[in-house]
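Each chain, letter by letter, is given below.
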Amino acid sequence: MVSEITQQLYSDTPSETIYHYTSFSGLLGIVGSGSLWASDIRYMNDSAELNHMVTLIREEVNERITLGHPNPKLLNQFEDWIARRVTNGHMLFAGSFRANGNLLSQWRGYSELGKGVSIGFDPRQILSCACQQSFMVGKCIYDRQRQRALIHQIVDFVEDLAALSCGTHGCRDDLVFAEVFEQVESDLLRIAAVLKHPSFQEEEEWRIVSPVITDFKDPSVHYREGTSMLVPFFEFSLVAPSEEKLQIQHIFLGPTPNINLSMNSLSMYLAKEGVAPKRGIGYCQIPYRQR
């Protein structure tokens, strides 16, 4: 059942251009390599994301126990287990795209003044690349009621698994419960990857989400320097199987005090690399005062 929930969550597909916000350094890397660095979800900019799912599970567990659930031990173990696995569990990599390529909050979050772009891609290209690399593409969910309904279904399923393993009231072995939880870990990570706090709703985010990596020594796992730590990442190719090189639909140049010069150098760089955005390059037109 949990796998069915996962498949349903990832059944929506984008139909219009989706944008990836990045710095000039990120642009140089994407164009130069034809790939995007998908970060381990635990290390992404919105660091509280996985904890948001833990919070939702904690609320569900507390509500059930308050209402007199017959097996609070199971529920408490599940809450403790998922909180630990968020930090020390399997690896899942994700890359972010936005339906809106020109949001001030994103310019502030992903680039310094004068050093940002949002790169627009054909959604069919992203879906094709994702399929080729066994990634899933999902639309983030911000509605709290829908999130709570999903968590309710998940906890129901965990209870059913535990009952099948040892009976709802009879199991007293922590290891058995852990084995039950492990059966849903991969799907829980994929679900958590698209559950976002309602305060981020304006982003209209889409995500590419990797297969779950259970071995941190996997050769596909690389590391880059982050703000205060090393960040694991996965190289996601943006070159569709039917194409020979990177295709870009559109680019927004972010806020800059040097509009003409910046537009000119960006155009020259893309032309030199043989990349021609089909809808050209636009300036964001957003006043931006550096804080």
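Our subject is the structure that appears above.
In short, a report on the structure. (Residues numbered from 1 in each chain as written. Predicted model: local features only at pLDDT ≥ 70, side-chain atom pairs only at ≥ 80, totals over all residues. Heavy atoms only, no water.)

A few points about the pairing of strand β8 (residues 230-237)
The line we're drawing: Note: two strands are recorded as paired if DSSP finds a minimum of 2 bridges between them. Helix and strand assignments come from DSSP, with helices taken as H or I runs of at least 4 residues and strands as E runs of at least 2, each series counted from the N terminus.
Both strand β2 (residues 35-40) and β8 contribute to a ladder of five bridges, which runs antiparallel. Bridged to Ser39 within β8 is Phe233. Relative to β8, strand β7 (residues 222-225) is paired through four bridges, and the arrangement is antiparallel. The residue bridging Glu225 from the neighbouring strand is Leu230, located in β8. Counting the residues in the hairpin turn of β7 and β8 gives four residues.

A word on the nonpolar core
The following threshold applies: Note on terminology: a nonpolar core comprises buried Ala, Val, Leu, Ile, Met, Phe, Trp, Tyr and Cys residues joined through side-chain atoms within 4.5 Å. Here the term buried applies to any residue with accessible area under 20% of the maximum for its type, exposed to any over 50%, and partly exposed to those in between, with areas from a 1.4 Å probe on protein chains only.
Membership of the largest hydrophobic core comes to 43 residues, with the highest contact counts inside it found for Leu9, Met53, Phe78, Ile151, Phe181, Leu188 and Leu195. Looking at this core, the elements that each hand over two or more residues are α1 (2-9), α3 (49-66), α4 (72-88), α7 (144-166), α8 (174-182) and α9 (185-192). Here the element with the most residues in this core is α7; it accounts for eight residues. By size, the runner-up hydrophobic cluster in this structure holds 41 residues, among which are Ala130, Leu238, Tyr283 and Cys284.

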